[in-house]
Amino acid sequence: METTNIKKEIENLNTKIKELYEKAEEIKEKRNNANEAVKSHKEKRESINKIVKEKIELIRNLKKERGELLTEFKELKVNKDSINQKIQQLETIIETKCPSLEKERELVAEIESYKKLLEKSNIIDQLNKKIAEISEEISEFVKKSAEEHEKVLEHAKISAESHQKLMEVYSQINKLKEKSRELYRKLKEPNKEKRKEKEEKESKTEDAEKTEETTSQ
């Protein structure tokens, strides 16, 4: 290959290497952006999961409170309807049968006792409502967490694919660099041969001059 052609080929290779480096930078930026997105969505997912854990713990406490009240009702073998009926019955007795003052006090005390149970029954209703509301919130947060997880997987895939492409581009660059070095060595060889020829010629000239000097003496 002529020197001019070798130089031209080296220039072409250097141009391709430059283009590949530019391509590598683009791929690297895409990979780095994907990695940042993975980090961001992981943080969001963890934040959501933390909220879910807190709400699950809240439901556990509310259910415990509700369970204690339900146990009391179970032991007394009463429910909200039976309590209301009992209160109505006792109030009817006071209104219609004109009990003695002492008996009326007993009935009023019994009514107050049932009304306290009724308040506890209302608390159970409120707890049920609160538990249902929080359960719905948990479902929504779990859904959001799953969405963030999908985004993590999506961007992690982009990152992995970009990294693979980046390695392939670097491999191409190394191959082209090696080819360029080989051509550069070839470009230096003719000069090396010329220097060798020149050195040999100079050496012969020196030998001839020495021989001539010896003869003259």
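Residues numbered from 1 in each chain as written. Predicted model: local features only at pLDDT ≥ 70, side-chain atom pairs only at ≥ 80, totals over all residues. Heavy atoms only, no water.

Now for the overall build of the protein chain. Broken down by element type, the protein chain carries three helices and zero strands. Overall, the protein chain shows an N-to-C arrangement of helices and strands of α-α-α. Within the protein chain, the fraction of its 217 residues that count as buried is 23%. Counted over contacts in the protein chain with a minimum sequence separation of 6, partners at least 24 positions apart contribute 90%. (Helix = DSSP H or I, 4+ residues; strand = E, 2+ residues; numbered from the N terminus. Buried < 20%, exposed > 50% of the residue type's maximum accessible area, 1.4 Å probe, protein only. Contact = heavy atoms within 4.5 Å.)

Core analysis: the largest hydrophobic core is formed by 21 residues, its most contacted members being I83, I87 and Y114. The leading source of residues in this core is helix α3 (residues 101-216), at 11 residues. Counting residues in each nonpolar core, the second largest holds 13 residues, with I17, I27, L166 and L183 among its members. (Core = buried A, V, L, I, M, F, W, Y, C linked by side-chain atoms within 4.5 Å.)

Turning our attention to the pattern of salt bridges. A full pass over the atoms with the stated rule returns nine salt bridges. With a shortest N-O distance of 2.6 Å, K80 and D125 are connected by a salt bridge. Of this pair, K80 sits in helix α2 (residues 80-97) while D125 sits in helix α3, and the two are 45 residues apart along the sequence. Take K80: its relative accessible area is 30%, and that puts it in the partly exposed class. Here R181 makes a salt bridge to E178, at a shortest N to O gap of 3.1 Å. Here E178 and R181 lie together in helix α3, a separation of three residues that amounts to about one turn. According to the relative accessible area criterion, R181 is partly exposed, its value standing at 42%. Bridged by salt links that share partners, the residues E178, R181 and R185 form one connected network. (Salt bridge = Lys/Arg side-chain N within 4 Å of Asp/Glu carboxyl O.)

Chain-level statistics for the protein chain give a pLDDT mean of 88 and a share of 87% at 70 or above. At the level of individual helices and strands, the protein chain shows its lowest average pLDDT in α3, which scores 85, and its highest in helix α1 (residues 3-76), which scores 95. (pLDDT = per-residue confidence, 0-100.)

Phi at K77 is positive, roughly 55°, even though this residue is not glycine. Position of K77 relative to the elements: it lies in the loop between α1 and α2. A relative accessible area of 76% means that K77 is categorised as exposed. For C98, which is not a glycine, the phi torsion comes out positive at approximately 45°.

Time to look at the environment of K188. Looking at the secondary structure, you find K188 in helix α3. Put simply, K188 and T3 are 185 residues apart on the chain and 9.3 Å apart in space, counted from C-alpha to C-alpha.

Our next topic: a negative patch on the surface. A cluster of like negative charges, contributed by E19, E22, E26 and E29, occupies part of the molecular surface. Relative to the helices and strands, E26 resides in helix α1. (Patch = residues over 30% accessible without salt bridge, like charges linked within 9 Å, V, L, I, M, F, W, Y side chains within 5 Å. Areas by Shrake-Rupley, 256 points an atom, 1.4 Å probe, with all protein chains shown as cover. Lys, Arg positive; Asp, Glu negative; His and termini not counted. Charge placed at Lys NZ, Arg CZ, Asp CG, Glu CD.)

A few words now on α1. Counted at 1.5 Å a residue, the expected span for α1 with its 74 residues is 110 Å, and the 108 Å between its end C-alpha atoms agrees. A positive phi of about 55° marks K77, the residue just after α1. (Expected span 1.5 Å × (residues − 1).)

You can see S159 is positioned in helix α3. Polar contacts involving the side chain of S159 include one to the side chain of N35, which spans 2.5 Å. With near-sequence residues (within four places) excluded, S159 lies in contact with R31, A34 and N35. (Polar contact = N/O pair within 3.5 Å; in protein donor to acceptor, adjacent residues only side chain to side chain.)

We now examine the side chain of R31. As for its position among the elements, R31 is in helix α1. One buried charged side chain, R31, makes no salt bridge at all; its nearest oppositely charged neighbour is E25, positioned 8.7 Å away. R31 has contacts with S159, S162, H163 and L166, leaving out every residue within four places of it along the chain.

For α2, spanning 18 residues, the distance from its first C-alpha to its last is 26 Å, which sits close to the expected 26 Å at 1.5 Å a residue. For α2, the set of buried residues is I83, I87, L90 and I94. End-on, the buried residues of α2 take up no more than an arc of 65°, which puts them together on one face. Exposed residues pointing more than 90 degrees away from the buried face of α2 are listed as D81, Q88, E95, T96 and K97. Positioned one or two residues after α2, C98 has a phi angle of 45°, which is positive. (Arc of directions from axis to C-beta.)

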